[in-house]
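Observations on chain architecture
Each chain, written out:
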Amino acid sequence: EKGGYPHFMLKEIFEQSRSIMDSMRGRLVAENTQLTMSSIREYATRFKNADRIIIVACGTSWHAGLVAEYMIEEFARIPVEVEYASEFRYRNPVIREGDIVVAISQSGETADTLAALELAKSKGAMIFGVCNVVGSSIARATDAGAYTHAGPEIGVASTKAFTAQVTVLSLIAMMIAEMRGTMELTALRSLMLEMEKIPAKVEQALQLDKEIQAISEIFKDATNFIYLGRGFNFPVALEGALKLKEISYIHAEGYPAAEMKHGPIALIDENMPVVVIATKDSSYEKIVSNVQEVRARKGRVIAVVTEGDTVIPQMAEFVIEVPNTHEALMPLISVIPLQLLSYHIAVLRGCNVDQPRNLAKSVTVE
Ligand code: M6R
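Residues numbered from 1 in each chain as written. Predicted model: local features only at pLDDT ≥ 70, side-chain atom pairs only at ≥ 80, totals over all residues. Heavy atoms only, no water.

Ranked by internal contacts, the top residues of the largest apolar core, which has 97 residues, are Ile-53, Met-71, Phe-128, Ile-172, Met-195, Phe-225 and Tyr-227. When sequence neighbours within four positions are dropped, the list of residues in contact with Phe-128 reads Ser-39, Ile-40, Phe-47, Ile-100, Val-101, Val-102, Ala-103, Thr-142, Ala-144, Gly-145, Ala-146 and Ile-172. With 21 residues, the next largest nonpolar core counts Leu-228, Met-260, Ala-278 and Ile-312 among its residues. (Core = buried A, V, L, I, M, F, W, Y, C linked by side-chain atoms within 4.5 Å. Buried < 20%, exposed > 50% of the residue type's maximum accessible area, 1.4 Å probe, protein only. Contact = heavy atoms within 4.5 Å.)

Here the focus is the environment of Met-21. By the element assignment, Met-21 lies in helix H2 (residues 16-24). Considered as a pair, Met-21 and Leu-171 are 150 residues apart in the sequence and their alpha carbons are 12 Å apart. (Helix = DSSP H or I, 4+ residues; strand = E, 2+ residues; numbered from the N terminus.)

Mapped onto the elements of the fold, Ile-54 is located in strand E3 (residues 52-57). With 19 residues separating them along the chain, Ile-54 and Glu-73 place their C-alpha atoms 12 Å apart. If we skip the residues at most four places from it in the chain, Ile-54 touches Glu-81, Glu-83, Phe-88, Val-94, Asp-99, Ile-100, Val-101 and Val-102.

It is worth spelling out the sheet that holds strand E9 (residues 251-256) at this point. Strand order in the open sheet made by the 5 strands is E9-E8-E10-E11-E12, with parallel pairing throughout. Pairing within the sheet leaves two strands with one partner each, and these edge strands are E9 and strand E12 (318-322). Geometrically, the sheet is characterised by an average inter-axis angle of 15 degrees between neighbouring strands, direction not taken into account. Where strand E11 (residues 300-306) lies against E12, 5 bridges are found, and the strand directions are parallel. Bridging from a neighbouring strand, Ala-303 pairs with Val-319 of E12. Those strands touched by helix H12 (residues 234-248) are strand E8 (224-229), E9 and strand E10 (273-277), and its axis lies near 175 degrees from that of E9. Where helix H13 (residues 284-296) meets the sheet, its contacts fall on E8, E10 and E11, and the angle it forms with E10 comes to roughly 175 degrees. (Pairing = 2+ DSSP bridges. Axes fitted to C-alpha atoms, helices over the stretch in contact; angles between N-to-C directions.)

Of all residues adjacent to the ligand, which total 14 residues, the nearest are Ser-61, Ser-105, Ser-107, Thr-110 and Glu-246. At a separation of 2.6 Å, an oxygen atom of the ligand approaches a polar side-chain atom of Ser-107. Here an oxygen atom of the ligand sits 2.8 Å away from a polar atom, N or O, in the main chain of Ser-158. When isolated, the ligand has an accessible area of 410 Å², and the protein chains bury 91% of it. (Near = heavy atom within 4 Å. Polar contact = N/O pair within 3.5 Å; in protein donor to acceptor, adjacent residues only side chain to side chain. Areas by Shrake-Rupley, 256 points an atom, 1.4 Å probe, with all protein chains shown as cover.)

Dropping the structure here:
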């Protein structure tokens, strides 16, 4: 049932080009600039006139929510807030009728996310779900939703569910942008064309497996890791750190690269591995300086860069080259090497990758 792979996690990592395709199927025809998501169409007026979108989720799904925040604000110009479901539900949040609450959950059974959406519902907000498990509690409690169609995810560490969530959320962002007229049609079309190319690029990123395994050998005994990213890659830094923590039990911090100088920079010395997601996007020049700051303190930089980059490879100790895409879609590609890195490090440390200690696949307690 692991399809020849030693662990479900690795199988699920390698399924991603396929699962992203499944998430898009029937929803996107870039050639005709066509997006089809019946649940969004059905609530077109609500989405068009939404005052605010509040995303509630936990863990990896919360990271997908952060990517969605950047996409929705950029493309559709609706203010977005991303909340940890557990905080949202216990702090008497302001929820108004014009708000749309989006609950993101792979399992659809996370207790805090379910309770958060019930709270929002009781205050009159419209609730939209982005779930993977069909017929799950969260899917049933929402007014409308879009399934991610990633297929069953068995490994406790979420991988293909994350990329499926980001895929569906990007389609939602594009669709709202189209309805609101906040994006030029040519820009929208080129974004959609890029989206269609993502599965092939993910496949290409997966070819980095051996290279990443070799890097994992070098860092398997590290006791700490820092992950840095900016813009659309900031949530990827958080996700990379979470993956490493949960399956290898190495302490890891994900940080917005520019925020590093406000504290975590004090941690950097010659023993600190720093994974920097530094692909060519609008923050590229800035992240080059962040890499310099790390190097100046002798941190060991492992950089994820866009193929063909000539600047960062001169500064970083290890370089992982990924294919280029639109910056908003880069998380779908840049997360792949980080998933593989955490996987290989955990295997090398002899950890139980699919069922890490103290964790359950879905957290149905508060
Ligand atoms: O099923 P959900 O998406 O609601 O689960 C949320 C988190 O519990 C989950 O993403 C958790 O953080 C994963 N173990 C991360 O890999």
